[in-house]
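What follows is the residue order along each chain.
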Amino acid sequence: MAARPPLTALEIEQQLDSLLDVEFSFLKTAAPAAILAGLERQEQDYIITWVQRVASTNIQLAYQFITHAVDALDSMDKRIIEAWALHAMDTYDQTGLYKALEVIRTVRNFVQLSHERNAGAVFEEQVGVLGHFAHGLSGRKLKLAEAEITYTDTETIYLPPLLAHLPTPDQNFLLYKALVALLWAQTRFGTFRIKLSDQLQQQPEPENFLALFQSLETLRLEACLERELPGLFRDMQTLKTSLAQNNLPAAYQSLAKRLAQADTTAEDVLQLTCEQFGKLQPLPPLCYQPSLQIEEVEACMAKRIEMEKIRVRVNLAKILEEMQKENRAFEQQEHKFDIKKIPDPTTPDGFQIELTLDDQPIAPPEEVKVLSNSIIQDLGDIPDEYLVPAGEGEYDPRVFEDKQQDPDDVWTGTYHEEGAFLYKEWDYRRQHYRKNWCAVREVNITPVYDDFVDSTLHKYSGLVKHLRKTFEAMRDEDRLLKRQVYGDGVDIDALVEALADAHDGSEMSDRLFTRMHRVERNIAVVFMVDMSGSTKGWINEAERESLVLLSETLETLGDRYAIYGFSGLARKRCEIYRIKEFDEPYNEEIKARISGIQPKDYTRMGFAVRHLSHILNEVEARTRILITLSDGKPDDYDSYRGDYGIEDTRRALLEARREGIHPYCITIDREARDYLPHMYGPAAYTVIDEVRQLPLKVSDIYRRLTT
Amino acid sequence: MTARVLKPEEYYIENEPYYESIGDEIEVFEAAYRQKLPVLLKGPTGCGKTRFMEHIAWRLQKPLITVSCHDDLTASDLVGRYLVKGGETTWVDGPLASAVRAGGICYLDEIVEARKDTMVVIHPLADDRRVLPVEKLGELLEAPDEFCLAISYNPGYQSVLKDLKQSTRQRFVALEFDYPGAELETNIIVKETGINHELASKLVKFAHMTRNLKGSGLEEGASTRLLVHAAKLITDDVSPVTACHCAIAQALTDDTEMLVAINELSSSLF
Ligand SMILES: Nc1ncnc2c1ncn2[C@@H]1O[C@H](COP(=O)(O)OP(=O)(O)OP(=O)(O)O)[C@@H](O)[C@H]1O
Ligand SMILES: [Mg+2]
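First, a word on scope: everything that follows refers to the structure included in this document. (Residues numbered from 1 in each chain as written. Chains lettered and ligands numbered in written order. Predicted model: local features only at pLDDT ≥ 70, side-chain atom pairs only at ≥ 80, totals over all residues. Heavy atoms only, no water.)

**A short note on the pattern of salt bridges**
Residues and elements named next belong to chain A. Here is the rule: Take a side-chain nitrogen of Lys or Arg and a carboxyl oxygen of Asp or Glu: if they are within 4 Å of each other, that pair is a salt bridge. A run of H or I in DSSP counts as a helix once it spans at least four residues, and a run of E counts as a strand once it spans at least two, with each numbered from the N terminus. We call a residue buried when its accessible area falls under 20% of the maximum for its residue type, exposed when it is over 50%, and partly exposed in between, using a 1.4 Å probe and counting protein chains only.
In the structure shown here, the tally under the stated rule is 35 salt bridges over all chains. Linking Asp90 and Lys435 is a salt bridge whose minimum nitrogen-to-oxygen distance equals 3.1 Å. With Asp90 in helix H6 (residues 78–95) and Lys435 in strand S10 (residues 432–444), this residue pair connects regions lying 345 residues apart in the sequence. Overall, Asp90 belongs to the buried group, its relative accessible area being 7%. Residue classification places Lys435 among the partly exposed residues on the basis of a relative accessible area of 29%. By sharing partners, the salt bridges in this structure join Asp90, Glu124, Glu146 and Lys435 into a single network.

Structure (structure tokens):
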């Protein structure tokens, strides 16, 4: 096949004009079109596709993208252009256009163009491995996230979207790894145990002071890593060598020796910084030297320290309470707790936690252990005021329990996302996920105690009887298998035959036993019920009736099941309604909740599939099924209309399938619209065109699905 | 060369199996034995439960009969069944019945894996009746004083399906096992494999890294058993990073990303 001819400048300009809505936006596309005209057709298509994707997010951003991309084309490979564009779009999602434009404009920093081979490592590709790596290291678990600068706030490690200082992807990956290790070392080896902000305030030149502190502290941490992770330390040396950063100036040599001693603390480094400040020049930062964001660190620590103090005290109070429960004679008053570090060089932390009550050691609950370790990581020790058990009512329990906050409270605050599950969403125009896009909360349904369930059972009494009979036959059952090679009992018929055969002189069968065999279903199923506004009326009623009948049959069958409703009002208010959780028995309360199902807002489906898949995956079962009941097209208030919603739903179903779940969709839709096969493609599905048939059909569908 | 063939009830352990005691588990077991109480060993896989039982059997000089339970294990698999021999049906004792008859130690490994109805056959043996009903023969087999029942159970698999019923667990004296402390674990590896102390302690450190990953990507961290395997490879000139990969990482997971991450951890350490 002959290569397709490249597009002319004019043709490109026309395409760009339509992508960028030039008629209204008045953007000038002639210049970039002229440059693109000089490329191969394949390259042209590639760039135009990306313009299209970025334009689906924002047109200004796309315009900036094309103007800068043509400059960068010959110096970057495609993988990096993509990472750059995606990063700009993510920035747009998170902080808006202004910051996103900045990302686009600083393309030259994005990849240091000085090096030709473009062999960067991309955060998004490495985050999985790096995250596990960070969790494997000891101490408090650190999360990873992307940011322009590299630092940690002591709970999250922030890393740049791309590293390309070194010639090969492997080396750049190694650089990521070294950065993670160094940031981990900061939290693990007490860099933040000193209050740097106080020091800096007293300094006339705080920036220089901080730079010197960093140079010295990095030397201390390198030595810690040499002891702790010698293999990585060797790799770090080679990184420095390849960047010609391995020559320590003479003035630093002897200091480095001092800092390398195992008992050197950040306090000592601070002292040394004070002594040397003005005499010693800070070193140029090493490739794996992160930055220090003192304010963020201190804010994050203050919050955690307060929280952990409360938690320890509440835990101690609980211990006393338990003791009293066990032993009536035990007085609640005047007990002295102590938590000590018992040095133990053989543990990863170098010490063990000992909890004593009135000088008698007691076994520390797991939570106290974890908390103590975290506190010691922050403060070096457990201060006395932590050891006073919390008095009754001294704290609002909501402060320290990991309980979910009331979604409505959260919504009124500024942090819409606090306390919610965050899920990604597929943006088909971008051909990429929007990260942490949907804020999902589980909320309770207000039960309505009325005669809905009874009247439904009455209405369908004939069907119910039939269903019970059918489903009883499907239950787990013991079946007696005959003529087995081995088994629990003798199959007399077979034995008689065999003996007769033996008498005849013909060969005797060895299938002489009976054996009980249990046929186990081992199925867990989640029903995901559309509670969007469009279900108002007949559909809602049919859904509720169906749930009543289903619950009846599933109770007969013994399969584990849960029921959730879903509805959304834009991406930050996605709601999952708990109707019946897996471990809840089907009782009056559940019946009242089914009766209380009411139409809410819009139909955003992807998040619900993702969240319920997650719940389903926590359940141990051989077969996991997710059944959605809905009235058709996904649709939400923001841009979830049309193809966007269809594509995201499709994606979510695909993800579920990939996780080993069997998704199945039941749709009530008179028009049997043509997008259904595409959207439900990854799942099997049924379209029911008559609402009233729904209650009659669901149980039957379920039966076919599981036999 | 031929393998030695022994009947289970003749399986006496002659040489002391190496067992490093972690706490007072040996004393407690012996007391339970004297008091004719059955014992439940709780703990994650590969932490030394089987080895402990071998050691105990050697100390008590009683035959050890081990049954690894699986979800097809029936009551007759434990108690016994009729077989046809030469045209006649004859009764054959199952391992539990032989252990009772021989006055040995019967160790049911991973008891929760067995079918629920199987588990109840041990109930009369595990309370103060100490009898094994053999329904098919219409007999009750009374356990001699020397007989001892021990079962093991890994509470780590927090699955609804694989939980030990209260009526079962409340019959047993429970001993909790966990991976030994770092120093002890290092010593165990050294003694089991002859590897040098420094490498052994690095292996233990590596194990702790994988144990940190339990619950965030790994179902279980590396057990003592896996460390012993890796150490054996290392003493046979396999590089530590390769040994960790083949003997530990691959045994823990199939997830490629996790495998890479574990590799990065071991290469950071060695
Ligand atoms: N305390 C110990 N003393 C000596 N060796 C030990 C000890 N703990 C573990 N080991 C070593 O670990 C290996 C595995 O232990 P073992 O087979 O007893 O595990 P287990 O707890 O029975 O595991 P599973 O539950 O998977 O059967 C032993 O072969 C031995 O090498
Ligand atoms: Mg074992």
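**Let's talk about helix H12 (residues 206–228) of chain A**
Operational definition: Each helix should span, by expectation, one fewer than its residue count multiplied by 1.5 Å.
Helix length check: H12(A), at 23 residues, gives a terminal C-alpha distance of 32 Å against a target of 33 Å (1.5 Å per residue), a fit within 8%. Most of H12(A) is tucked away, with 17 of its 23 residues classed as buried.

**A look at the sheet that holds strand S3 (residues 151–152) of chain A**
All names here are of chain A. Our working definition: The criterion for strand pairing is that DSSP finds at least two bridges linking the strands in question.
One open sheet holds the three strands; their spatial order is S2-S4-S3, and the pairing between them is mixed. Each edge of the open sheet carries a strand with a single partner, namely strand S2 (143–146) and S3. Bridge count between S3 and strand S4 (residues 156–159): two bridges; the pairing is antiparallel. Bridging from a neighbouring strand, Tyr151 pairs with Tyr158 of S4.

**Quick look at the site of ligand 1**
Residue and element names in this part refer to chain B. Heads up, the rule is: Being near a molecule or strand, for a residue, means having at least one of its heavy atoms within 4 Å of it. For the purposes of these results, a polar contact is taken to be a pair of N or O atoms within 3.5 Å, where, inside protein, one atom must be able to donate a hydrogen and its partner to accept one; residues adjacent in sequence count only when each atom of the pair is a side-chain atom. The protein chains shown are the only cover counted for residues, whose accessible areas, like all others here, come from Shrake-Rupley with a 1.4 Å probe. For the domains described, the bounds stem from an automatic or database domain assignment.
In the vicinity of ligand 1 lie 16 residues, with Thr45, Gly46, Lys49, Thr50 and Glu192 positioned nearest. Between Gly48 and ligand 1, the recorded distance is 3.1 Å, taken from a backbone N or O atom to an oxygen atom. Within the contact set of ligand 1, an oxygen atom lies 2.5 Å away from a side-chain nitrogen or oxygen of Thr50. Protein contacts shield 90% of the accessible area of ligand 1, which totals 640 Å² for the unbound molecule. Sorting the residues of the shell around ligand 1 by element identifies helix H2 (49–60), helix H8 (182–193) and helix H10 (224–235) as the ones contributing at least two each. For the shell around ligand 1, the domains that each give at least three residues are domain 1 (2–176) and domain 2 (182–269).

**Things to note about the nonpolar core**
The following threshold applies: Among buried residues, the Ala, Val, Leu, Ile, Met, Phe, Trp, Tyr and Cys ones that are joined through side-chain atoms within 4.5 Å form a nonpolar core. In what follows, residue pairs with any heavy atoms lying within 4.5 Å of each other are defined as contacts.
Counting 64 residues, the largest nonpolar core has Leu159(A), Tyr288(A), Leu203(B) and Ile248(B) as the members making the most contacts within it. The element that contributes the greatest number of residues to this core is helix H10 (residues 169–188) of chain A, accounting for twelve residues. Once residues lying within four places of it in the same chain are set aside, the contact partners of Ile248(B) are Leu203(B), Phe206(B), Ala222(B), Leu226(B), Leu227(B), Ala230(B) and Ala243(B). Counting residues in hydrophobic clusters, the runner-up holds 43 residues, among them Phe471(A), Phe527(A), Leu547(A) and Tyr577(A).

**Here we look at the interface of chain A and chain B**
To keep it simple, the criterion reads: As used here, buried area is the combined drop in accessible area, with a 1.4 Å probe, of two parts when they are placed together. Gly counts as polar in this scheme, as do all residues outside two lists: the nonpolar Ala, Val, Leu, Ile, Met, Phe, Trp, Tyr, Cys and Pro, and the charged Asp, Glu, Lys and Arg.
In this assembly, 36 residues from chain A lie in contact with 34 residues from chain B. Contact between chain A and chain B buries roughly 2800 Å² in total, counting both sides, with carbon and sulfur atoms accounting for 60%. Put simply, chain A and chain B have two salt bridges between them. Between Lys205(B) and Glu228(A) there is a salt bridge, with its nearest N and O atoms 3.3 Å apart. Only helix H9 (123–136), H10, H12, helix H13 (230–242), strand S12 (489–490), helix H22 (492–504) and strand S13 (513–519) of chain A provide two or more residues apiece to the side of chain A that touches chain B. Here the side of chain A that touches chain B is composed, by residue class, of 16 nonpolar, eleven polar and nine charged.

**Overview of the side chain of Glu655(A)**
Residues and elements named next belong to chain A. When you line up the elements, Glu655 lands in helix H26 (residues 642–658). Its relative accessible area of 10% is what places Glu655 among the buried residues. Those residues in contact with Glu655 that sit more than four places away from it in its chain are Lys424, Tyr433 and Arg610.

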